[in-house]
Amino acid sequence: MKYFKELISILISALLLLSCSATKFVADDEFLLNDVDIVSQHDADLAVKAGGYIRQHPNSKWFSLLKVPLYTYSLSGRDTTKWGNRTLRKVGEAPVIYNREQAEQTRLNIENMMRNEGYLHATVDLEERIVGKKRKDAVFYLHERERYQVSDFLVEIKDSVLAKIVIDESEESLMHPGMPFSVDNLEAERRRIAMLLKDRGYYKFTKNYITFVADTAYHSTKVRLKMIVSNPIDGGRHKQYRINDVNFVSDAGLRIDNRALQGCDTLLWDKYKMLYNDDLFLSPRAMADKNYIEPGMLYSQSRSDRTYNSFAQLPAVRYTSLRMVELPDTSMLDCYIMFERNKRRSISFELEGTNTAGDLGAAASVTFSDRNLFRASEQLSLRLFGAYEAISGLSGYSRDSYYEYGAEISLRLFGGVFSSLVPAQERLLKSSTLFSLKFNSQERPEFERQILSGAWSYQWSNSQKTSHKLDVIDINYIYVPWISDTFKKEYLDSISNRNSILKYNYENLLITKLGYSFTYNSAHANKRAERMAFALRTNLECSGNLLRGMNSLFGGHRNSDGQYTFMNIAYAQYVKGDVDFATYVNIDDRNTLVFHMGLGLAYPYGNSTVLPFEKRYFAGGANGMRGWTVRGLGPGSYKGSDKNIDFINQSGDLKLDWNIELRSHLFWKLHSALFVDAGNIWTLRSYKEQPGGQFDIRGFHKDIAFSYGMGLRFELDLFVFRLDAGMKALNPAYHGKERFPILNPDFSRDFALHFAVGYPF
C-alpha cells in the first residue's frame, strides 16, 4: 500500500507539471481553448444537437479526462530539426488557440440551427471565460423562446398527373397540422416526394422542384405552410420515362459510348442484351436473377438501387455501376448495368499463438476460395486447420500434448436456392444459402474425439440494419474412439468419483439442431456519424424434437442409460436462447462509451439430462470476464480444483454478462479502453460435481463476479488486434479477504492477459 500511494503521488505530480507546460507554445497575446460548453435551460436535446455546429474544439482528451496528446506535444523543444522534437509533435497534438471569429461563427450557426428547428426568435449568447493563465473557456447560452407549429398545410402542384400521385400517397406524408415547424422536416418531405416520383417514372425529377412558403401571423406562433411543386423551367410538364433496353456490360469498360462498346461481343438472352469482352464470366441466368429492371416498365429509382446493391454483394464482382441513357426525342431510357470481375481464386493463411491457463501452443490454417464456381458467383471455400498445445501438470498419462486438425468445405449460393422462381419485385435485398461439411479431430492425453458436421442455412436481409439467419438443419455427430485408461478409471468408472457430466460428454452423441437468429444494428457504416447507436443479436435453437416425436409415434430403441437412439446413437434434446445487446455513446470524436449485456439460457430435457459440451456456457476469456482465463470462472461459487476435468466442470446452462467499456483513440491507429466486467454462469439443475453452481433466484447476486482492466487496440482497415489486461475485483469462488481481490490483489492469482482479433462486443 505504501508503494501504491507513492506511485499515485508521482502520477499526480507528473500531471500537474505537464498541465503547467501545456501553454508552452501559446503566445502572450493568445489563449489556449480550454473547454467549450453549451447551456440550454429548456431543451437538453437541442444542446446536444448544437454540439455538432461547433467550429473550434479544444484539444482532445484520453478517456475524456486527460489531454495527453497536448501534453505530449508540449514536451517537444522548439528546435524542429531534431528527430525527437519532430516525433513528439507528430504523435502529440498542437495547442488549439482560441479564435474569436470561429466562436462567433459557431454562435451564428447554432442560432440558425435553432431557428430551423422552429424557434424563430431564438438567440445565442457567447461568454468568454478566462479560467487560468493563457486559458479560456467558450460558453454558449441558448435562449429558445417560443417554438412555432404548423397550423395549416396546403399543397399546390401545377402538374395534374403528379398531383394525383402525391395525393394518393398523402398518408405517408411527414407534414401535418400541429407538428413543430422544422426545416429538417421540410427537407425530409422534399426527399420523400422526389423519391416517390422517381419510382413512378420521373427520372429527371429532383427535390429542387419542391419549395415551401411559410406564413406567420403577427403575435402568433402558428405557421401556415404551403408546398409548391413546380413544372420545368421551359414551361412543359415533367416527363415520365420507360425502360427501353436492359444491357449487361461485363468487362467492357465503364464509359458508355460507341468507342467503349465497339469491340464487345454481344449475346441476346431472353429480353436482355449481354455485352462482354473475351468471355461471359457470369451466366445470363445469374445476371437476370440479380436484376430488378425490366424492358417496358416505368423507370424506378428504388429498382435501380436494388439492382446495384444485388450485384455489389457478389464475390465474383469487383466493381459495379449503373447508367441510364436517354434516347433522343423520346421518353425512353436504355439501362446499362456494368460490372468488372473480381479475382476468382485466392489462398489465405492464418497463424496464431495460444495460451490456455499457462499452456502454450500454436494454431494455423490455410483457406482456398473460388468466388465463381459455376459462373453464378457461387463461393466455394476449402479450409484446412491444425493446432498444437503442450499440456503441463498431468500425471499418469502417456501423452503430454494436445493436437487438433480438420477440414471444412462450404458452398455459398447468393440469392438462395429457389430465387430464380421468385418474381424480381418480390426478391429480398440480400439473401444467400450456405451448405457446409466439416471434420474435426481432437487428440488429448485423456481422450480422442472426432466431430463430423453438416449444415444447411439460409441468410437474408431486406434492409441495411437487419439480418436474419435460419438454420434449416445442422447435424453434428460426435464420436469418441479412445479414452485413456487412467482417465476412465479415475473419473468415468470409479464408483466413488463418478462424474455424470463427464460421462455424458465422452459418449457418442448426435445433435440435430434447428435454429433462427436475428441481428439489428442502428449504426451507420461509420459509428461516429451519430451520437448514439445500439446493436441487438438474438438466437433461438432446439435439438432432438423431431427424432423424439418419431420415437413417440413409432417407438424406438433405448440404450443402457434409458436414452432413445437413432441408428444406435443417442441424440441430444434441448432448447437454447441467447440475447446480446450493446449501446454505443459517442462522447466526442475520440471517446466512446459502450454498455453491453448478454443473457443465455439452455435447458436439457426429454432425451437429455445434461447439455452437450459444445452447447454449454463458460465464463472468462477475451470476450467476457477478462479478469479470468478461458473457462476459469463458475458456475456460481464453484471452485475448480482438478485441471484434468475443470474444462468440463466449469461450464453451465445459464450465462449473464454486463460490461462497461470506455474506448479512447490515443494516436495514429492505436486505441485504448478502460473496462469493468460483471457476470457468471450457473447450472439449472443441481449436479454433485459442481457444488455451488446451481442458479438460485434469491441468492444469485452473491455469485456475481467483477473484474476491471485496460486494453490496447491496433485498428487496421480490415482487422482490429486487441490486447486486454484484466484483474479480478470480486471472486465468488473464495471467502474472506480472498473474495475481494480489489482490496487484496495478488498479481499471480488475479491477473489475466488476453490477445484477440476484433472487439469483444
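Refer to the structure printed above.
Residues numbered from 1 in each chain as written. Predicted model: local features only at pLDDT ≥ 70, side-chain atom pairs only at ≥ 80, totals over all residues. Heavy atoms only, no water.

Describe the overall build of the chain, with residues and values.
Each helix and strand counted, the chain has 15 helices and 29 strands in total. If one aligns the C-alpha atoms of the chain with their principal axes, the spans along those axes are about 95 × 80 × 60 Å. Counting only residues that meet the buried cut, the chain has 45% of its 761 residues in that class. With the model as given, the accessible surface of the chain reaches about 39700 Å², and the carbon-plus-sulfur share is 56%. Of the side chains in the chain, 95 bear a positive and 89 a negative charge, and the two mean positions are spaced by 1 Å. (Helix = DSSP H or I, 4+ residues; strand = E, 2+ residues; numbered from the N terminus. Buried < 20%, exposed > 50% of the residue type's maximum accessible area, 1.4 Å probe, protein only. Areas by Shrake-Rupley, 256 points an atom, 1.4 Å probe, with all protein chains shown as cover. Lys, Arg positive; Asp, Glu negative; His and termini not counted. Charge placed at Lys NZ, Arg CZ, Asp CG, Glu CD.)

Describe the sheet that holds strand β11 (residues 332-341), listing the residues and the values that go with them.
Strand-to-strand pairing in sheets goes through backbone hydrogen bonds, with the strands running parallel or antiparallel. Strand order in the open sheet made by the 5 strands is β8-β9-β7-β11-β10, with mixed pairing throughout. Every interior strand has two partners, whereas the edge strands, β8 (265-269) and β10 (317-326), have only one. Each neighbouring strand pair of the sheet contributes to a mean axis angle of 20 degrees, computed without reference to strand direction. Where strand β7 (residues 242-250) lies against strand β9 (residues 272-276), 4 bridges are found, and the strand directions are parallel. Bridging across to β9, phenylalanine 248 finds its partner in methionine 274. Packed onto the sheet, helix α10 (residues 301-312) meets β7, β10 and β11 and runs at close to 160 degrees relative to β10. (Pairing = 2+ DSSP bridges. Axes fitted to C-alpha atoms, helices over the stretch in contact; angles between N-to-C directions. Contact = heavy atoms within 4.5 Å.)

Mind laying out the sheet that holds strand β5 (residues 210-216), listing which residues take part and the relevant values?
Pairing is mixed across the open sheet formed by 3 strands, whose spatial order is β4-β6-β5. Edge strands, defined here as strands with exactly one partner in the open sheet, are β4 (149-157) and β5. Recorded for the sheet is a direction-independent mean angle of 20 degrees between the axes of neighbouring strands. Bridge count between β5 and strand β6 (residues 222-229): 7 bridges; the pairing is antiparallel. Looking across to β6, one finds that threonine 211 is bridged to isoleucine 228. Across the face of the sheet, helix α7 (residues 183-198) comes into contact with β5 and β6 while running at roughly 145 degrees to β5.

Help me get a handle on a nonpolar patch on the surface, residues and values and all.
Taken together, the side chains of Ile347, Phe349, Phe368, Leu382, Leu384, Tyr405, Ile409, Leu437, Phe439 and Leu452 present a nonpolar region at the surface, about 940 Å² in accessible area. Secondary-structure elements contributing two or more residues to the nonpolar patch are β12 (345-356), β14 (379-390), β15 (401-414) and β16 (430-443). Inspection of the secondary structure puts phenylalanine 439 in strand β16. The exposure class of phenylalanine 439 is partly exposed, given its relative accessible area of 33%. (Patch = residues over 30% accessible without salt bridge, like charges linked within 9 Å, V, L, I, M, F, W, Y side chains within 5 Å. Salt bridge = Lys/Arg side-chain N within 4 Å of Asp/Glu carboxyl O.)

Can you lay out the packing of aromatic side chains for me, pointing to particular residues and giving the numbers?
Tallied over the entire structure, the rule returns 25 aromatic pairs. Consider the rings of phenylalanine 311 and phenylalanine 339, whose centres lie 5.2 Å apart with planes at 20 degrees: the pair is stacked. Here the residue phenylalanine 311 occupies a position in helix α10, and phenylalanine 339 occupies one in strand β11, the gap between them amounting to 28 residues. Phenylalanine 311 gets classed as buried once you look at its relative accessible area, which sits at 0%. Considering the side-chain rings of tyrosine 603 and tyrosine 605, the 6.4 Å spacing of their centres and the 10 degrees angle between planes classify their relative orientation as stacked. Taken together, the aromatic side chains of Phe248, Tyr272, Phe281, Phe311 and Phe339 make up a single cluster linked through ring pairs. A cation over a ring is seen here: arginine 89 above phenylalanine 25, with NZ or CZ 4.8 Å from the ring centre. Sitting over the ring of tyrosine 564, arginine 558 keeps its end group 4.0 Å from the ring centre. (Phe/Tyr/Trp six-rings, centres within 6.5 Å; stacked < 30°, edge-to-face > 60°. Lys NZ or Arg CZ within 6 Å of the ring centre and 35° of its normal.)

Give me the nonpolar core: which residues, what numbers.
Counting 32 residues, the largest nonpolar core has Ile483, Phe487, Leu502, Tyr506 and Ile648 as its most contacted members. Where this core is concerned, the elements lending two or more residues are β17 (447-461), β18 (466-483), α11 (485-492), α12 (500-505), β19 (509-521) and α14 (646-649). Setting aside anything within four residues of it in sequence, one finds isoleucine 483 in contact with Glu446, Phe447, Lys488, Leu492 and Tyr506. Listed in part, the 25 residues of the second largest apolar core include Val246, Met274, Tyr299 and Phe311. (Core = buried A, V, L, I, M, F, W, Y, C linked by side-chain atoms within 4.5 Å.)

So what about the packing of helix α6 (residues 160-168) against α7? Which residues, and what values?
As a packed pair, α6 and α7 sit with axes 11 Å apart at the nearest point and diverge in direction by 115 degrees. Viewed along their axes, α6 and α7 adopt a mutual orientation that is roughly perpendicular. The handedness of the crossing between α6 and α7 is right-handed. The segment α6 lies against α7, with Leu162, Ile165 and Val166 engaging Ile193, Leu196 and Leu197. When the residues that make up the contact of α6 with α7 are grouped by side-chain class, the tally is 6 nonpolar, no polar and no charged. (Parallel < 35°, antiparallel > 145°, perpendicular 65-115°, else oblique. Left-handed = near helix turned anticlockwise from the far one by under 90°. Nonpolar A, V, L, I, M, F, W, Y, C, P; charged D, E, K, R; others polar.)

Could you give an account of the pairing of strand β24 (residues 591-604), naming the residues involved and the relevant values?
Two faces make up the sheet, and in a regular strand the side chains alternate between them. Relative to β24, strand β23 (residues 574-586) runs antiparallel, the two sharing 13 bridges. Note that in β24 the partner of valine 579 across the bridge is leucine 599. The sheet contact formed by β24 and strand β25 (residues 654-667) spans 11 bridges and is antiparallel. Its bridge partner being in β25, glycine 600 is matched across the sheet by lysine 655.

Tell me about the pattern of salt bridges, residues and numbers included.
Scanning all chains against the criterion turns up 50 salt bridges. One salt bridge in this structure joins glutamate 93 and arginine 590, with 3.9 Å as the shortest N-O distance. With glutamate 93 in the loop between α4 (83-91) and α5 (100-116) and arginine 590 in the loop between β23 and β24, this residue pair connects regions lying 497 residues apart in the sequence. With relative accessibility at 22%, the residue glutamate 93 sits in the partly exposed group. We note a salt bridge from glutamate 541 to lysine 513, for which the minimum N-O separation is 3.9 Å. You can see glutamate 541 sitting in strand β20 (residues 532-543) and its partner lysine 513 sitting in strand β19, a full 28 residues away along the chain. Because the salt bridges share partners, they merge into one network encompassing Arg626, Glu661, Arg663, Asp677, Arg713, Arg722 and Asp724.

Describe the side chain of arginine 722, with residues and values.
Assignment of secondary structure puts arginine 722 in strand β28 (residues 720-730). A distance of 2.8 Å separates a polar atom in the side chain of arginine 722 from the backbone oxygen of alanine 622. Apart from residues no more than four positions distant in its own chain, arginine 722 is found in contact with Ala622, Asn623, Arg626, Leu712, Arg713, His754, Phe755, Ala756, Gly758, Tyr759 and Pro760. (Polar contact = N/O pair within 3.5 Å; in protein donor to acceptor, adjacent residues only side chain to side chain.)

Tell me about α5, and name the residues and values.
Between the first and last C-alpha of α5 there are 24 Å, a value that for 17 residues agrees with the 24 Å anticipated at 1.5 Å per step. For α5, the set of buried residues is Ala103, Thr106, Arg107, Ile110, Glu111, Met113 and Met114. All buried residues of α5 project into a common sector of 160 degrees when viewed along the axis, lining one side. For α5, the secondary structure elements touched by its buried residues are β1 (32-40), α2 (44-50), β2 (123-132) and β3 (135-143). Its side-chain oxygen placed 2.9 Å from the backbone nitrogen of glutamate 101, asparagine 99 serves as the N-cap of α5. (Expected span 1.5 Å × (residues − 1). Arc of directions from axis to C-beta.)

Hey, could you go over unusual backbone geometry for me, with residue numbers and the actual values?
Between glycine 634 and the following residue, proline 635, the backbone shows a cis peptide bond with an omega angle of 0 degrees. In this fold, proline 635 is placed in the loop between β24 and α14. Backbone geometry places phenylalanine 63, a non-glycine residue, at a positive phi of 55 degrees. You can see phenylalanine 63 is positioned in the loop between α2 and α3 (68-74). In the Ramachandran plot, aspartate 270 falls in the positive-phi region, its phi being about 55 degrees despite a non-glycine side chain. Relative to the helices and strands, aspartate 270 resides in the loop between β8 and β9. With relative accessibility at 63%, the residue aspartate 270 sits in the exposed group.

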